[in-house]
Amino acid sequence: MATKVFVPRLGEGVDEVTVSKWLKQVGDSVKELEPLLEVNTDKVDTEIPAPASGVILKIEMQEGQVGKVGQLLAVIGEAGELVNSEQLTVESKKESKVEGQRSEPKPETLDLRPATNSHTNLGFISPVVAKIAAEYGVDLRQVAGSGLNGRITKNDVLAFIPSQKSKVEGQNVQRSTFQPANLKLDTSVHDTLVKHTTMRKSIAAHMIESKHTSPHVLTVMEADMSRVVKHRAHNKSVFERDGVNLTFTAYFMTAMVAGLKAYPLANSSWSDEGVILRKDINLGMAVSLGEDGLIVPVIKGADNLSLLAMARSINDLANRARTKKLQPDDVKGGTFTLTNHGTSGSLFAFPVINQPQSGILGIGAMQKRVVVIDDAIAIRPMVYMSFVFDHRILDGASADAFLMKVKETLENWS
């Protein structure tokens, strides 16, 4: 008997996914729980296992398509088994509707119809789609929906943006918003077009949103890592016996916790009503995925972790990020972010704030440099720390106070 594969619910509030890559094709054999395909949501690529053993009889949703929770992805059965395509499609839609009535809350519907054309019906528009459309000045009536029943998805809007022309007169839209469309690129037959991945589009939209949201300000300090280097050398083998790789990232994360505890304003978010001070300290850490981009998994409750527990959490999240084992909940809820750009040799940088956080700390490459200590020349392992903060929340003095606490924690490590 054929087994249907549906879009699973991957986390709270995750209502749809994008098919990134099929790992099996029609006619291929598959074993139960063997990875069947990869889907993307919230910049997380997640493998979907096969619910049963058999042969792939039908693939209903192609790569790049957006599917709603409960929608049919594929059919697994016995070799030679016939599949009634029309019947399966109808059944999947019915089951999706029943599933939605049983377990999903009624979605928030936003009426984006302009007053001058009140008879235009856009159907359900998600808050994410509405926000992107408002940010780029996109008229959703011009966007063709590829979602269920013609619903406009986030990817539909992102794909439409490059074709949108800038309308400066009478609109509060910056020309830079539509820069790709305004620039006439000189190309030749020798050039190669590399299509944007779903993750790259998501990163691009998030970075533009951040730069348009927060006034970014950079402050830089230098930290002497002598005590940290000595502590790590004495404890690395001890941590390894517990199966933990003690990296410098664990020290930076722990020092950030000390800074956020001492200056809670750095662990906050902006709202029109006031600054929201976050009770929990949930630290995000940027993990490079090579050419695929980067992702920011979050260590929840970082203020409750010892150095050993911090290092173990960092190892776990980094490994799962690189092997595409993260879940959507693993990248949510961050209150402050660390990016260790020094791993590629960079000394200092100007990172982009991970919204809606108040700041992001960049750590440069550690180098032995000549410094003056007590009027004597010495050689010390030094790092530059680049703190980019939201100037709506933090001023220079408060931002520097936070960064100084991080610096002092590292330099006085015991």
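In the block above lies the structure referred to throughout.
Because the structure is a prediction, the values reported are computed rather than measured.

## A short note on unusual backbone geometry
And then number 1: Cis peptide bonds are those with omega within 30 degrees of zero, and the linkage from Gln-355 to Pro-356 qualifies with 5°.
And then number 2: If you trace the backbone, Pro-356 turns up in the loop between strand 16 (336–339) and strand 17 (359–363).
And then number 3: Even without being glycine, Leu-33 reaches a positive phi, approximately 75°.
And then number 4: Secondary-structure assignment places Leu-33 in the loop between strand 3 (29–30) and strand 4 (35–41).
And then number 5: By relative accessible area, Leu-33 is classed as exposed at 62%.

## Concerning the pairing of strand 8 (residues 72–77)
For a regular strand, side chains alternate in direction, first toward one face of the sheet and then toward the other.
And then number 1: Extensive coverage of strand 8 is indicated by the burial of six of its six residues.
And then number 2: As judged from the four bridges shared by strand 1 (residues 3–6) and strand 8, these two strands associate in the antiparallel manner. For Lys-4, the partnering residue across the bridge sits in strand 8 and is Val-75.
And then number 3: Direction of pairing for strand 6 (residues 54–59) relative to strand 8: antiparallel, over a ladder of four bridges. Bridged to Val-55 within strand 8 is Gly-77.

## Digging into the environment of Ala-130
And then number 1: Structurally, the position occupied by Ala-130 is in helix 2 (residues 127–136).
And then number 2: Overall, the relative accessible area of 12% leaves Ala-130 in the buried class.
And then number 3: Linking Ala-130 and Lys-154, residues 24 residues apart in sequence, is a C-alpha distance of 8.8 Å.

Calculation criteria
Residues numbered from 1 in each chain as written. Predicted model: local features only at pLDDT ≥ 70, side-chain atom pairs only at ≥ 80, totals over all residues. Heavy atoms only, no water. Helix = DSSP H or I, 4+ residues; strand = E, 2+ residues; numbered from the N terminus. Buried < 20%, exposed > 50% of the residue type's maximum accessible area, 1.4 Å probe, protein only. Pairing = 2+ DSSP bridges.

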